[in-house]
Structure formats: structure tokens, C-alpha cells
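Residue-level structural notes
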Amino acid sequence: MLQVHQFFKQLFDEVIAVSWPLFKLMVPIILIVKVLEEVGGIALLGQWLGPLMALVGLPQEMGLVWAATIATNIYGGMIVLYSFAGESNLTVAQMTVLSGLLLMAHGLPIEVRIAQLAGMRMRAAIITRMFGAFAFAWLLHVFYDQTQWLQEPAQMVWQPEPIADGLNYWLLSQLKALAMIQIIIIVLLTFLKILRVIGVEKIIQWLLHPILKLMGIGKEATTITLVGITLGLSFGGGLLIKEAHAGHVSKKDVFSSLVLLGFCHSLIEDTLLVVLLGAHLSGVLWFRLVFAFIFTSAMSYWLTKVSPEFQHKHLMRP
């Protein structure tokens, strides 16, 4: 009985340790993004990104789709994309390229701040995500353009329901989203704690360690990285913040893990979302995994070549 009480006490402490910093971060940023949306900040960002779209073979108005995704999330970008559905007849290749941008650079106000709290410099997180997303989309564009593969029209299977106009509806949708995040955190931490108790966590670490080691990620960050890959950066990042502040994960492991998670998180949900938009699995899953692996490995190798002073000044927070 004492052990059961201890289990739930530790679980409660872990839930608070992960949830409190996460919600303390997310709530103000959600409000700031809403204000920027109301004053036209997202539309302005879309205008800035518009000219870049031609470099990856997309219509200029797709810049607004990406801007909405950067500021909010993939669902926000999908709603904007759906409003253009009758005007921009994208091919499967173009939809896959656009989806690459959405997958690798979305929700940056929250996700970059999470990376910063975990130990990564904000400018390093922003540059890595934006440069990586654009490089990934450009490579996809060049490949599909040269091979002339997937040139048939994209078919949207599903689109999200738009949020009704009015501050009350918006506030209700945000509260529902935050409540769902809290529920997922509780379920996730309970599951991880059970895995730790019965020894499965060590088996997972043993299986994934060789692959993650090639990307410069130590075994201490293996389980957390797996959580981020499968469930999303908010959850994996929240755990990273907790473990990094406790000194359980090295700064180098945190940095490499965050680079990987920036390009390859919420692998199941996000991939399914863009496939339903008409994107092809070749780009949004397989090529994405290869790109994330190579990019993270290259960044981890480069990290060993720069001085500690450069690392602390530009890449990792003390």
C-alpha cells in the first residue's frame, strides 16, 4: 500500500513538474498570437513568405498558409489552405512540398520557446527550423520536378472545421485544447512510469540507442525523444525541460534531440493530417525521416567541431 501511495505521489509531482512550465509558457503565447492575428501580423508574415514560394514550385498565396501554420499549428494552416482550395489547384507533388513546410515549421511561438527552456538558444531553434523546412521543401520540389512524378491533381479527403467567429468560440476551443494536452500529459507520464517500473523503458533505450547514437543523442534522452517523435514536441519538449533542469540529460543530448524533434515530431498524427490533404507518403514520411536523420547527424557532428564558447553563445543556453 505504501508503494502504491509513493507511486502516485511521484506521478503527481512529475505531472506538476511537466505541466506547470508548459502551461505557463503556452497560455501567454496563445494570447499574443491571437492579438497578432487580429492586427494583421500573420497576413503580413504571409506577404513576406510569398516570394519564397516560387523557389519551391508553389503559388505565392501558399505563403499565407505557411504563415498561419508557423504562428498557430497545422490545423490553422489547413483552414487557410481550404479557403484557397477552389483557386489553387495543386498537384500531389506540390501538396507534398507544401506539407513538408507545414510539418517542419509549425507552431513556432510555442515550440521555439519550449526548445529555449530546454536549453537551446532561441535564434538557433528558429534558424534551424526555418532553414531546415525550406531546404527540405526545396529538395522535394527538385526531385518531383526532375522526375515529373506525382503531377496529377491533389485530392483533399478531409478538411478541419473552421472555428466560429467570436472571441467566446475561440476561447472555448483553446480551453478544450489545453484540457486535452493536460489529459495526454497525465496518461503519458503514467504510461512511462509503468514502463520504468516493469523495465520496458530500458529495453526501448537498448533498441533505439544505436540509431540515436549515430545522431549524437545519448541513451538518457532516448525515451524522451521517442515521446516527442510519436506524440509531439510539446510533450517531448516538456519532458526535456524537466530532465535538463534536473541535470539528467546533457546539453549536447538536449540540443541534438531538439534538432531531431524539430523536423520529426508527432509523426503519426501530423503525417496522417497532410496525407488527408492529398500529400504523398514518399515525401512526408520516408524522405522526411531520411532528411531528419542526416540533418541531425550533421548538426551533432558540427557541434563537436565548434568551440565551447561558440556553443554557449549561439547554440545552447547555460
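Sequence order sets the numbering: in each chain, residues are counted from 1 along the sequence as written. For a predicted model such as this one, the threshold for reporting local features is a pLDDT of at least 70, and the threshold for listing and counting side-chain atom pairs is 80 or more; totals across whole chains, interfaces and linings nevertheless cover every residue. Side-chain measures were taken over the full set of non-hydrogen atoms in the model, leaving aside hydrogen atoms and water.

**Brief notes about the overall build of the protein chain**
Elements are defined by DSSP. Helices are runs of H or I of four residues or more, strands are runs of E of two residues or more, and each kind is numbered from the N terminus. Along the backbone of the protein chain there are 15 helices and zero strands. Here's how the labels work: a residue is buried when its accessible area is under 20% of the maximum for its type, exposed when over 50%, partly exposed in between, all with a 1.4 Å probe on protein chains only. For the protein chain, with 318 residues in total, the buried portion stands at 49%. The contacts in the protein chain between residues at least 6 apart in sequence include a share of 77% that link residues at least 24 apart. Put simply, the protein chain shows about 16000 Å² of open surface, and 70% of that area lies on carbon and sulfur atoms. We call two residues contacting when some pair of their heavy atoms lies within 4.5 Å. Under the convention used here, a 1.4 Å probe and the Shrake-Rupley method define accessible areas, while residue burial counts only the protein chains that appear.

**Brief notes about helix α2 (residues 41–53)**
The α-helix winds at 3.6 residues per turn, so residues separated by three or four positions along the chain end up facing the same way. The length a helix should cover is 1.5 Å for every residue beyond the first. A rise of 1.5 Å per residue sets the reference length of α2, with its 13 residues, at 18 Å; its end C-alpha atoms lie 19 Å apart and thus fit the reference within 8%. Considering bend angle alone, the principal kink of α2 is centred on Q47 and spans about 25°; proline P51 follows within four residues of it. Residues of α2 that are buried include every one of I42, G46, L49, G50 and M53, and no others. Bend, at a single residue, is the angle you get between axes fitted to the 7 residues ending at that residue and the 7 residues starting at it.

**Topic: the packing of aromatic side chains**
Between rings of Phe, Tyr and Trp, where Trp is taken as its six-membered ring, a pair exists when centres lie within 6.5 Å; planes separated by under 30 degrees are stacked, by over 60 edge-to-face, and by other angles tilted. Applying the stated criterion to the full structure yields ten aromatic pairs. Summarising the aromatic geometry, the rings of F263 and F295 are spaced 4.8 Å apart at their centres and angled 80° between planes, so their arrangement reads as edge-to-face. Highlighted residues: F263 in helix α12 (residues 251–263) and F295 in helix α14 (residues 281–305), separated in sequence by 32 residues. Each member of the pair, F263 as well as F295, is classed as buried. Within the aromatic cluster, the residues linked to one another by ring pairs are F131, F136, F263, F287, F291 and F295.

**A closer look at the packing of helix α5 (residues 92–104) against α14**
For any two helices packed against each other, the geometry is given by the interaxial angle and the distance between the axes. For helices, the fitted line uses only the C-alpha atoms of the stretch in contact; every axis is such a line through C-alpha atoms, and the angle between N-to-C directions lies from 0 to 180 degrees. At a minimum axis distance of 10 Å, the contact between α5 and α14 shows a crossing angle of 55°. The angle between α5 and α14 falls in the class oblique. Crossing angle aside, the handedness with which α5 passes α14 is right-handed. Seen from α5, the contacting residues are T96, S99, L103 and M104; seen from α14, they are G283, V284, R288 and F291. Grouping the constituent residues of the contact of α5 with α14 by class yields four nonpolar, three polar and one charged. Any angle that is under 35 degrees is reported as roughly parallel, and any over 145 degrees as roughly antiparallel; angles of 65 to 115 degrees are reported as roughly perpendicular and all others as oblique. Handedness of a helix crossing follows the sense of rotation of the near helix relative to the far helix, less than a right angle counterclockwise being left-handed and clockwise being right-handed. Classes in brief: Ala, Val, Leu, Ile, Met, Phe, Trp, Tyr, Cys and Pro nonpolar; Asp, Glu, Lys and Arg charged; the others, Gly included, polar.

**So, the nonpolar core**
To qualify as a nonpolar core, a set must consist of buried Ala, Val, Leu, Ile, Met, Phe, Trp, Tyr and Cys residues joined through side-chain atoms within 4.5 Å. Formed by 91 residues in total, the largest nonpolar core has its most connected members in W66 and L98. Tallying contributions element by element places α5 first for this core, with nine residues.

**A closer look at the side chain of Q116**
Its place among the elements puts Q116 in helix α6 (residues 108–118). Here Q116 falls in the buried class, since its relative accessible area comes to 15%. Residues in contact with Q116, not counting those within four places in the same chain, are M122 and R317.

**Let's talk about the pattern of salt bridges**
We define a salt bridge as a side-chain nitrogen of Lys or Arg found within 4 Å of a carboxyl oxygen belonging to Asp or Glu. Scanning the entire structure with this criterion turns up one salt bridge. A salt bridge links E111 to R129, with the shortest nitrogen-to-oxygen separation between them at 2.8 Å. In this pair, E111 sits in helix α6 while R129 sits in helix α7 (residues 122–147), placing the two residues 18 residues apart along the sequence. Accessibility expressed as a relative area gives 8% for E111, which makes it buried.

**Side note on the side chain of S256**
Among the secondary structure elements, S256 is positioned in helix α12. Classification of S256 by relative accessible area gives buried; the value is 1%. Ignoring anything within four residues of it in the chain, the contact list for S256 reads M215, G216, I217, T296 and S300.

**A closer look at a nonpolar patch on the surface**
A grouping of I211, L214, V290, F293 and I294 is seen on the molecular surface, where their side chains present a nonpolar patch of about 460 Å² in accessible area. Counting residues per element, the ones that place at least two in the nonpolar patch are α9 (200–214) and α14. Counting residues per element, the nonpolar patch draws most heavily on α14, which supplies three residues. Residues qualify for a patch when their relative accessible area is over 30% and they have no salt bridge, like charges being joined within 9 Å and the nonpolar side chains of Val, Leu, Ile, Met, Phe, Trp and Tyr within 5 Å.

**Regarding the packing of α2 against helix α3 (residues 62–71)**
α3 packs onto α2 with a crossing angle of 125° between their chain directions and a minimal axis gap of 7 Å. The angle between α2 and α3 places the two elements in the oblique class. For the pair α2 and α3, the crossing hand works out as right-handed. Residues I42, A43, L45, G46, L49, G50 and M53 of α2 form the contact with α3, whose own contacting residues are M62, G63, L64, W66, A67, A68, I70 and A71.

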